[in-house]
Amino acid sequence: MTNTHLNIEAVSKSFGPVTALNQIDLKIERGSFVCLLGPSGCGKTTLLRIIAGFEKPTAGRLLLDGTDISEVPPHKRGFGMVFQSLALFPHMSVAENIAYGLKLRKTTAKEQRERVEELLNVVELPHIADRTVSALSGGQRQRVAIARALAIKPKLFLLDEPLSALDAKLRDNMQIELRRLQQKFGVTTVLVTHDQTEAMMLADELVVLDHGKVQQAATPTQVYRQPANSLVADFIGAANLVKAEVDQNGQLALFGNTFKVAADHEPGTAVSVAVRAENISLRPAQANGGSAGRVVFARDLGAFKEWLVSVKDQEIRVRSSASDASEYQVGDLVHLSADPARLSIFPFTGSEDAAN
Amino acid sequence: MRVGLLPTEGGGTYRFAILFLATIGILISSLPVIVVTIMSFSASEYSSFPPTEFSFRWYLEVVQLFTNEDPSSAQSVVDSTLTSLLVAFLVMVISTLVCIPLAYALARSNRNLREGMELLFTLPLVFPLVMLGIAFLLIAESLQLELGIWRIAIPHIALVLPFVLRNCLSAMNGISVEIEEAAISLGASPPRAIWDVVVPLMKAGILAGLIFALIISFNEFTVTFFMYTIDVSTLPIWMYSRTVSSLDPATLALSVFIIVVDVFLVVLVDKLIAGRGNLF
């Protein structure tokens with residue numbers, strides 16, 4: 001059953017000669033949490049601002065429940081938005097901030113008070129209604145900004161990198177809380193982020209944007225396990241992109257192991273293989289044979305260990321869990337082997353060297 | 001161990017030089033005020049400094065000037081003061097009403113336009129005041145209209161605009177577009193967002209601009225000297241006409257009143273824009 005809430009149809013946006021978005025098509029399900037993920041300058045914030053109505057698309061249209069809203073001005077869209085700077089009103093108290101949208105909707109003072117109280121309870125800050133914004137901590141401001149956007153019972157809940165200013169631990173807590181809030185209110189949510197861990201943690205659907213295009217729109221697991229192309233594979237997780245060639249038998253040689261590849265890769269073509277750092281294992285090698293590599297960098301990050309192994313003229317990133325007792329030092333010779341089930345193979349585009 | 005260029009609590013490297021320069025600066029700028037204040041308490045008719053005897057007689061005379069009609073002068077001090085206050089009020093209100101939307105538009109426009117416009121509005125500051133006076137006089141005469149109080153108010157508005165604009169602009173600087181968009185996303189129309197969010201945040205800058213306009217207009221002499229008529233004249237012109245032949249100590253007493261009010265207002269401005277704006 002599909003239940004499309006927001007339908008983005010062939011939306012393009014140019015700023016003068018610069019194309020920020022190129023023919024974006026996206027269907028957002030009712031009640032889902034969608035993360036727009038991409039490197040900076042990929043157009044994700046522009047897309048969010050088009051949804052909010054602060055930018056007009058150069059071409060294409062937006063359908064909300066089947067109604068074209070492209071020409072509706074932002075203040076009539078009824079979308080709650082949390083800004084990167086949070087943009088709380090510094091001359092108003094916390095309660096006045098949250099009640100602002102309600103005041104514009106001509107609700108009674110009593111209703112406003114009740115809604116403010118309700119929302120402050122939801123964001124677990126029941127006693128700060130009368131404080132000024134400047135007296136709040138970073139995490140509190142975050143919650144007030146979220147409460148303010150949710151107070152108007154928004155049709156869509158839009159967030160523009162709202163957690164980027166928080167320190168790592170607080171950010172982790174807020175991510176969990178944000179997800180809970182979204183599920184509690186069942187509001188269709190679009191969040192922009194450049195942090196892939198955040199996106200994977202929050203999203204029902206992950207939309208990877210790059211070069212103004214949707215590179216892949218799928219569940220986080222799918223995006224991680226089956227990246228649609230080498231750009232996605234490179235951006236999500238610690239992936240290695242290795243150039244390889246499909247031989248006459250339709251087999252692929254990687255780190256000295258050979259695999260059978262799907263028939264859609266013509267024998268004799270160059271391909272790039274994306275293999276994640278945690279899907280490669282190492283074993284000691286005796287001599288510097290064709291497939292052996294030399295460890296050039298080693299670090300123990302607690303949760304896992306990580307090595308950079310120089311194979312031919314490429315450096316391959318390898319990760320093992322902390323429970324893995326293997327110890328390799330810089331200078332050790334190792335054999336690499338990759339899990340054939342966890343490889344993604346793409347046509348070679350020439351950008352692979354730059355990606356590493 | 002910190003070796004500071006600026007004076008620190010323990011005494012910085014250049015402490016002596018800075019103290020010396022500060023003392024000279026304060027002396028130069030406050031000397032006229034000190035002299036006028038001391039002289040206003042003189043008991044003598046003749047203005048010689050320092051006075052030999054002290055009294056409040058000139059202060060009493062100021063009170064009398066304001067309460068009794070003085071047939072000897074062409075325009076009474078009461079009329080001049082009222083004109084000055086009315087002009088200052090008009091200048092204050094109009095320049096602020098012009099500068100709030102202007103500052104908003106400039107702050108949200110592109111950088112080149114903003115810098116160009118700022119320069120344009122600063123021009124009255126760099127013109128010699130005498131030339132500005134002559135120019136306004138020529139314009140007023142060629143218009144052949146009965147301008148009334150606007151003869152003086154319009155030139156004053158031109159003079160105070162740079163100060164008011166600067167204050168409004170620096171108030172606008174701290175207001176991000178996002179905060180306006182936040183109000184809009186919550187349902188405020190763009191004008192409503194400006195009224196609810198931008199104007200309250202500009203308040204300190206607006207008030208500082210208002211007070212500057214008031215002080216500058218009330219004290220303005222040079223340009224007004226070209227523009228005043230028998231019917232429309234200001235307090236500084238009246239004070240000048242009282243002292244042009246021989247110094248009248250009563251005007252010194254009056255000056256002290258004005259200085260006290262000005263100092264109060266400047267302190268208020270300083271409090272308002274503390275750390276947030278620039279006076280100039």
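Thoughts on the environment of phenylalanine 304 of chain A
Residues and elements named next belong to chain A.
Part 1: Along the polypeptide, phenylalanine 304 turns up in strand β17 (residues 304-311).
Part 2: Taking the number of C-beta atoms within 10 Å as the measure of exposure, phenylalanine 304 has 15 and is therefore partly exposed.
Part 3: In this structure the C-alpha to C-alpha distance between phenylalanine 304 and serine 320, which are 16 residues apart in sequence, comes to 5.6 Å.

Re the sheet that holds strand β3 (residues 33-37) of chain A
Residue and element names in this part refer to chain A.
Part 1: Pairing in this open sheet of 6 strands is mixed, and the strands run β6-β7-β8-β3-β9-β10 from one edge to the other. Strand pairing shows two members of the sheet lacking a second neighbour, β6 (80-82) and β10 (213-218), which therefore form its edges. With direction set aside, neighbouring strand axes in the sheet form an average angle of 15°.
Part 2: Across the face of the sheet, helix α1 (residues 44-52) comes into contact with β3, β6, β7 (156-160), β8 (188-193) and β9 (205-210) while running at roughly 150° to β7.
Part 3: Contacts from helix α4 (residues 138-151) reach β6 and β7 within the one sheet, and its direction differs from that of β6 by about 165°.

So, the interface of chain B and chain A
Many descriptions give the size of an interface as the accessible area lost when the pieces come together.
Part 1: Contacts between the two partners involve 14 residues from chain B, matched on the other side by 18 residues from chain A.
Part 2: It is helix α7 (residues 177-185) of chain B that contributes the most residues to the side of chain B that touches chain A, 6 residues altogether.
Part 3: Of the residues in the side of chain B that touches chain A, the class split is 8 nonpolar, 4 polar and 2 charged.

Overview of the pairing of strand β14 (residues 270-276) of chain A
Residues and elements named next belong to chain A.
Part 1: Of all 7 residues in β14, 6 are buried, a share of seventy percent or more.
Part 2: Pairing between strand β11 (residues 239-245) and β14: 7 bridges, direction antiparallel. In the strand pairing of β14, alanine 244 is matched with valine 271.

Comments concerning the confidence of the model for chain A
Part 1: Looking at chain A as a whole, its pLDDT mean stands at 86, while 95% of the residues score no less than 70.
Part 2: Per-residue pLDDT stays below 50 along residues 352-356 of chain A; that stretch engages in 10 contacts with residues further than four places along the chain or on separate chains.

Things to note about the pairing of strand β16 (residues 292-300) of chain A
On a regular strand, each side chain points to the face opposite its neighbour's, so the side chains alternate between the two faces of the sheet.
Part 1: Of the pairings in the sheet, the one linking β16 of chain A to strand β19 (residues 333-338) of chain A comprises 3 bridges and is antiparallel in character. Directly across from glycine 293 of chain A, in β19 of chain A, lies its bridge partner valine 334 of chain A.

Overview of the nonpolar core
Grouped burial of nonpolar side chains is what soluble globular proteins tend to show.
Part 1: The biggest cluster of nonpolar side chains holds 159 residues, and the ones touching the most others in it are Cys35, Leu36, Leu158, Val207 and Leu336 of chain A together with Cys168 of chain B.
Part 2: Considering each element in turn, this core owes the most residues, 15 residues, to helix α8 (residues 190-219) of chain B.
Part 3: Residues contacting leucine 158 of chain A, with those up to four places away along its chain left out, are Leu48, Ile51, Ala52, Phe79, Gly80, Met81 and Val190 of chain A.

Some words on the domain arrangement of chain B
All names here are of chain B.
Part 1: Taken domain by domain, chain B consists of domain 1 (15-55) and domain 2 (74-272).
Part 2: Computed over C-alpha atoms only, the centres of domain 1 and domain 2 are separated by 29 Å.
Part 3: Listed as interface residues are 7 residues of domain 1 and, on the opposing side, 7 residues of domain 2.
Part 4: Among the residues forming the side of domain 1 that touches domain 2, the class breakdown is 3 nonpolar, 4 polar and no charged.

Re the packing of helix α2 (residues 94-104) of chain A against α4 of chain A
Geometrically, a packed helix pair is captured by the angle between its two axes and the distance between the axes.
All names here are of chain A.
Part 1: Look at α2 against α4: their axes get within 7 Å of each other, and the N-to-C directions meet at 25°. Considering their axes alone, α2 and α4 lie roughly parallel with respect to each other. Along this stretch, α2 crosses α4, giving a crossing that reads as right-handed. Here Val94, Asn97, Ile98, Tyr100, Gly101 and Leu102 of α2 lie close against α4, whose contacting residues are Val144, Ala147, Arg148 and Ala151.
Part 2: For the contact of α2 with α4, a count of residues per class yields 7 nonpolar, 2 polar and 1 charged.

Reading the values: rules and limits
- Residues numbered from 1 in each chain as written.
- Chains lettered and ligands numbered in written order.
- Predicted model: local features only at pLDDT ≥ 70, side-chain atom pairs only at ≥ 80, totals over all residues.
- Helix = DSSP H or I, 4+ residues; strand = E, 2+ residues; numbered from the N terminus.
- Buried ≥ 20, exposed ≤ 12 C-beta atoms within 10 Å, placed from the backbone.
- Pairing = 2+ DSSP bridges.
- Axes fitted to C-alpha atoms, helices over the stretch in contact; angles between N-to-C directions.
- Contact = placed C-beta atoms within 7 Å.
- Nonpolar A, V, L, I, M, F, W, Y, C, P; charged D, E, K, R; others polar.
- pLDDT = per-residue confidence, 0-100.
- Core = buried A, V, L, I, M, F, W, Y, C linked by C-beta atoms within 7 Å.
- Domains from an automatic or database assignment.
- Parallel < 35°, antiparallel > 145°, perpendicular 65-115°, else oblique.
- Left-handed = near helix turned anticlockwise from the far one by under 90°.

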